[in-house]
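Working through the structure, step by step
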Protein chains: 2
Amino acid sequence: MIGVAQEVGRVQIGELAKVTGTTARALRHYEQAGLISSERASNGYRVYEEGAAVRVRNIRYLLAAGLTLDDVRVFLPCLDGDVAAAPPSDKGLRVAWERLAVLNERIAAQTETRDRLEAALRQKAGGLIRPAA
Amino acid sequence: MIGVAQEVGRVQIGELAKVTGTTARALRHYEQAGLISSERASNGYRVYEEGAAVRVRNIRYLLAAGLTLDDVRVFLPCLDGDVAAAPPSDKGLRVAWERLAVLNERIAAQTETRDRLEAALRQKAGGLIRPAA
DNA sequence: TTCAACCCTGCCGCCAGCGGCAAGGTCAAG
DNA sequence: CTTGACCTTGCCGCTGGCGGCAGGGTTGAA
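The notes below deal with the structure included here.

So, how was this worked out
Residues numbered from 1 in each chain as written. Chains lettered and ligands numbered in written order. Predicted model: local features only at pLDDT ≥ 70, side-chain atom pairs only at ≥ 80, totals over all residues. Heavy atoms only, no water. Near = heavy atom within 4 Å. Polar contact = N/O pair within 3.5 Å; in protein donor to acceptor, adjacent residues only side chain to side chain. Helix = DSSP H or I, 4+ residues; strand = E, 2+ residues; numbered from the N terminus. Nonpolar A, V, L, I, M, F, W, Y, C, P; charged D, E, K, R; others polar. Axes fitted to C-alpha atoms, helices over the stretch in contact; angles between N-to-C directions. Parallel < 35°, antiparallel > 145°, perpendicular 65-115°, else oblique. Contact = heavy atoms within 4.5 Å. Buried area = accessible area lost by both parts, 1.4 Å probe. Least-squares fit on C-alpha atoms with pLDDT ≥ 70 in both. Buried < 20%, exposed > 50% of the residue type's maximum accessible area, 1.4 Å probe, protein only. Core = buried A, V, L, I, M, F, W, Y, C linked by side-chain atoms within 4.5 Å. Left-handed = near helix turned anticlockwise from the far one by under 90°.

The next point concerns the protein's contact with DNA strand C. Looking at DNA strand C, there are 22 residues lining it, with Gly14, Arg28 and Arg46 of chain A together with Thr23 and Tyr45 of chain B nearest. Backbone atoms, meaning sugar plus phosphate, form 74% of the atoms of DNA strand C positioned within 4 Å of the protein. Taking tyrosine 45 of chain B, its side chain carries an N or O atom lying 2.4 Å from a base nitrogen of DNA strand C. Leucine 69 of chain B places a polar main-chain atom, nitrogen or oxygen, 3.1 Å from a phosphate oxygen of DNA strand C. Elements supplying a minimum of two residues to the surface near DNA strand C: helix H1 (13-20) and helix H2 (24-32) of chain A together with helix H2 (24-32) and helix H3 (52-64) of chain B. Among the elements that take part in the surface near DNA strand C, H2 of chain B stands out by supplying 4 residues, more than any other. Grouping the amino acids of the surface near DNA strand C by side-chain chemistry returns 9 nonpolar, 7 polar and 6 charged.

What follows is the structure in structure tokens.
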């Protein structure tokens, strides 16, 4: 083993992938997209600091909610709280609010659509078929 | 002009695209995906019957809400109401309810995420920046 | 020394929902 | 008879978020 963790949190990509439930490939992708950063060891290996895991989990959480990497980039500085990253700039915050508004619209649209679909289904199904609940 | 409409609603692809606010390309795509159907004139041109416009608008509506073409295929039979298409089969209805449940989950996830983001933003912004509303 | 298990950087592939273009047929008007 | 607006099929391209592989270095253990 290459050092289970000399200093806590100084971890390489495979480990980070494992603990965050993702893949090294995805992590490199996030880095290239500017969502995470890494130092390099003398051999060129990426080394992640403590807190990276939190950040990555935040990323995954937002992605899972249907946000794009661009969106995530906007919101991340507001989520890390403690870790580095630019303290959310004024402009950054404005943009974040804008994206949030967009998100709200999307949710509204989907909700409306769902309601209509549900109504249509109830009507078609008479009473034969019921919501899975 | 090739006949502004001999019988009302017997219309070709460009017209249908125009009235539904989409493109011929997209309509062919929907057809290939099995979402709409068309007869052919003797010259090979697609001819759409009345009601196609409604169907297409339904499709666009659902797509705009973030559904996939697959999803749409599932829900369409329940929306046409009058037009042809298979009368929503029993199995079809079950599947539709399932998809609806998925949609609900997605909405829930997004809503939760939005709430968290909003909270984070409020905290970061103190009171400097306010929701766009 | 050799091996396995890591890591690196490309670069191509996939899915979805089309856009866009080529190469050709059809039709009505001038 | 030509023009131009329409239509046809087919295929390649693009965006996003990676997956996966090739080709190569580094490490620690046996």
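On to the packing of H1 of chain A against H2 of chain A, then. Residues and elements named next belong to chain A. Close contact between H1 and H2 brings their axes to 8 Å; oriented N to C, the two are set at 100 degrees. By the angle between their axes, H1 is roughly perpendicular relative to H2. Contact residues: Ile13, Leu16 and Ala17 in H1; Ala24, Leu27 and Arg28 in H2. Split by residue class, the contact of H1 with H2 holds 5 nonpolar, no polar and 1 charged.

For the rest of this paragraph, the subject is the interface of chain A and chain B. At the interface, 36 residues of chain A touch 36 residues of chain B. Both sides together, the interface formed by chain A and chain B hides about 3,500 Å², and carbon and sulfur atoms give 75% of it. If you sort the residues of chain A by the area they bury against chain B, Trp97, Gln110 and Leu121 of chain A come out on top, with a joint share of 22%. Viewed at the interface, chain B and chain A are joined by 5 residue pairs in polar contact (both at pLDDT 80 or more). Elements with a minimum of two residues in the side of chain A that touches chain B: helix H3 (52-64), helix H4 (69-79) and helix H5 (90-125) of chain A. Top element by residues in the side of chain A that touches chain B is H5 of chain A. It accounts for 24 residues. Here the side of chain A that touches chain B is built from residues that sort into 22 nonpolar, 5 polar and 9 charged.

The two copies are related by a screw motion: chain A maps onto chain B through a turn of 180 degrees and a shift of 0.0 Å along the axis, at an RMSD of 0.0 Å. Between the two chains, the operation in question is that of a two-fold axis. Residue isoleucine 107 of chain A of chain A places its C-alpha closer to the rotation axis than any other residue of that unit, at 3.2 Å.

Moving on to the side chain of threonine 113 of chain A. Relative to the elements of secondary structure, threonine 113 of chain A occurs in helix H5. Taking relative accessible area as the criterion, threonine 113 of chain A reaches 1% and is therefore assigned buried. Excluding residues that lie within four positions of it along the chain, threonine 113 of chain A makes contacts with Tyr61, Leu62 and Ala65 of chain B.

Turning our eyes to something else, we now look at the protein's contact with DNA strand D. Taken together, the neighbourhood of DNA strand D is formed by 23 residues, with Thr23 and Tyr45 of chain A together with Gly14, Arg28 and Arg46 of chain B sitting nearest. Taking all atoms of DNA strand D within 4 Å of the protein, the share assigned to sugar and phosphate is 71%. Take arginine 25 of chain A: an N or O atom from its side chain is 2.9 Å from a base oxygen of DNA strand D. Where the surface near DNA strand D is concerned, the elements lending two or more residues are H2 and H3 of chain A together with helix H1 (13-20) and H2 of chain B. Looking at the surface near DNA strand D, the element that brings in the most residues is H2 of chain A, giving 4 residues. Considering only residue class, the surface near DNA strand D consists of 10 nonpolar, 7 polar and 6 charged.

Turning our eyes to something else, we now look at the nonpolar core. In terms of nonpolar packing, the biggest core is built from 61 residues, with Leu27 of chain A together with Leu27 of chain B touching the most fellow members. Non-local contacts of leucine 27 of chain B, meaning those with residues more than four positions away in its chain, are made with Ile13, Leu16, Ala17, Thr22, Ile36, Tyr48 and Val56 of chain B.

With that out of the way, let us pick up the packing of H3 of chain B against helix H4 (residues 69-79) of chain B. Residue and element names in this part refer to chain B. Interaxial distance between H3 and H4 falls to 10 Å at its minimum, and their mutual angle equals 135 degrees. In this view, H3 runs oblique relative to H4, as classed from their interaxial angle. With respect to the hand of their crossing, H3 and H4 are arranged in right-handed fashion. Taking contact as the criterion, the partners of Arg55, Asn58, Ile59, Leu62 and Leu63 in H3 are, on H4, Leu69, Val72, Phe75, Leu76 and Leu79.

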